[in-house]
Amino acid sequence: DQQVKQNSPSLSVQEGRISILNCDYTNSMFDYFLWYKKYPAEGPTFLISISSIKDKNEDGRFTVFLNKSAKHLSLHIVPSQPGDSAVYFCAARGTGTASKLTFGTGTRLQVTL
Amino acid sequence: KAGVTQTPRYLIKTRGQQVTLSCSPISGHRSVSWYQQTPGQGLQFLFEYFSETQRNKGNFPGRFSGRQFSNSRSEMNVSTLELGDSALYLCASSPGLARAEQFFGPGTRLTVL
């Protein structure tokens, strides 16, 4: 049962344009959502998070939007840079004492010149 | 502040052997979680430790075990290795239970022959 889904395995965007990465979830009990960026042979790097009580969080070029009614979140990167090319994972944390993160399958972003 | 460190970075073992992986969290972080990343299953939660107690366990067989020491350092052990245990094993640390963000180490690449 895939509780966190990233339906687009890959995305290609031109440098300077907006990158939009999407994530859907099925469990209403998640209380935090996070985005990570991962390069090959490295651990995931934390980018940005959002609480389930908010609908937007911004940090520099990164903005995460949460639509609870649609159980959907998205990560916007503006402007996209070649160094943003990586695999992006969304993750969700359960409520209560279950602080484990459930990850999506990842979206490979390629930022072209 | 130094990040999460994991040792060793690479390991090659044969079927039936056992292996111990080590993780040192970010200074001051008391929660340590372990994840397995494989091409087919993505990032899967193994277990989480907080103040030397296992708080949460993923859906893995009993061959996978772990522990946390009083200095928050953690080890995980896999006994009777199988070919399918070949994966990148990632350790993540977090300041405590209230924070959702987890910070990952570079991982240990385990190859089982």
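Look up a bit, the structure's there.
Nothing here was measured: the structure is a model prediction, and the numbers come from that model.

Some remarks on the nonpolar core
Reasoning step 1: Residues A:Phe33, A:Trp35, A:Leu73, A:Leu75 and A:Tyr88 are the most contacted members of the largest nonpolar core, which totals 23 residues.
Reasoning step 2: Contributing elements (two or more residues each) for this core: β3 (19–25), β4 (30–38), β5 (45–51), β7 (62–67), β8 (72–77), β9 (86–94) and β11 (107–112) of chain A.
Reasoning step 3: A per-element tally of this core places β9(A) first, with 4 residues.
Reasoning step 4: Setting aside residues up to four positions removed in sequence, A:Tyr88 forms contacts with A:Gln6, A:Leu21, A:Trp35, A:Tyr36, A:Lys37, A:Leu47, A:Leu75, A:Ile77, A:Gly106, A:Thr107 and A:Leu109.
Reasoning step 5: Counting residues in each nonpolar core, the second largest holds 21 residues, with B:Ile26, B:Val32, B:Leu46 and B:Phe64 among its members.

As for the environment of A:Thr102
Reasoning step 1: Within the element layout of this structure, A:Thr102 appears in strand β10 (residues 101–103).
Reasoning step 2: Along the chain, A:Thr102 and A:Cys90 lie 12 residues apart, while their C-alpha atoms are 8.5 Å from each other.

Some points on the sheet that holds strand β1 (residues 4–5) of chain A
Residue and element names in this part refer to chain A.
Reasoning step 1: The 5 strands are arranged β1-β3-β8-β7-β6 in an open sheet whose pairing can be described as antiparallel. One side of each edge strand has no neighbouring strand; the edge strands of this open sheet are β1 and β6 (56–59).
Reasoning step 2: Bridge analysis of β3 against β8 gives 6 bridges, and the strand direction is antiparallel. Residue Ile 20 lies in a different strand from β8, and its bridge partner there is His 76.

Things to note about the side chain of A:Ser52
Reasoning step 1: Position of A:Ser52 relative to the elements: it lies in the loop between β5 and β6.
Reasoning step 2: Those residues in contact with A:Ser52, other than ones at most four positions away along the chain, are A:Phe30, A:Asp31, A:Phe33, A:Leu66 and A:Lys68.

Some details on the environment of B:Ser33
All names here are of chain B.
Reasoning step 1: Relative to the elements of secondary structure, Ser 33 occurs in strand β4 (residues 31–38).
Reasoning step 2: The exposure class of Ser 33 is buried, given its relative accessible area of 1%.
Reasoning step 3: A sequence separation of 77 residues divides Ser 33 from Leu 110, and the C-alpha atoms of the two residues are 18 Å apart.
Reasoning step 4: With residues near it in sequence (within four places) discarded, Ser 33 still touches Phe 45, Phe 47, Glu 48, Leu 90, Cys 91, Ala 92 and Gln 102.

Scoring rules and cut-offs
- Residues numbered from 1 in each chain as written.
- Chains lettered and ligands numbered in written order.
- Predicted model: local features only at pLDDT ≥ 70, side-chain atom pairs only at ≥ 80, totals over all residues.
- Heavy atoms only, no water.
- Core = buried A, V, L, I, M, F, W, Y, C linked by side-chain atoms within 4.5 Å.
- Buried < 20%, exposed > 50% of the residue type's maximum accessible area, 1.4 Å probe, protein only.
- Helix = DSSP H or I, 4+ residues; strand = E, 2+ residues; numbered from the N terminus.
- Contact = heavy atoms within 4.5 Å.
- Pairing = 2+ DSSP bridges.

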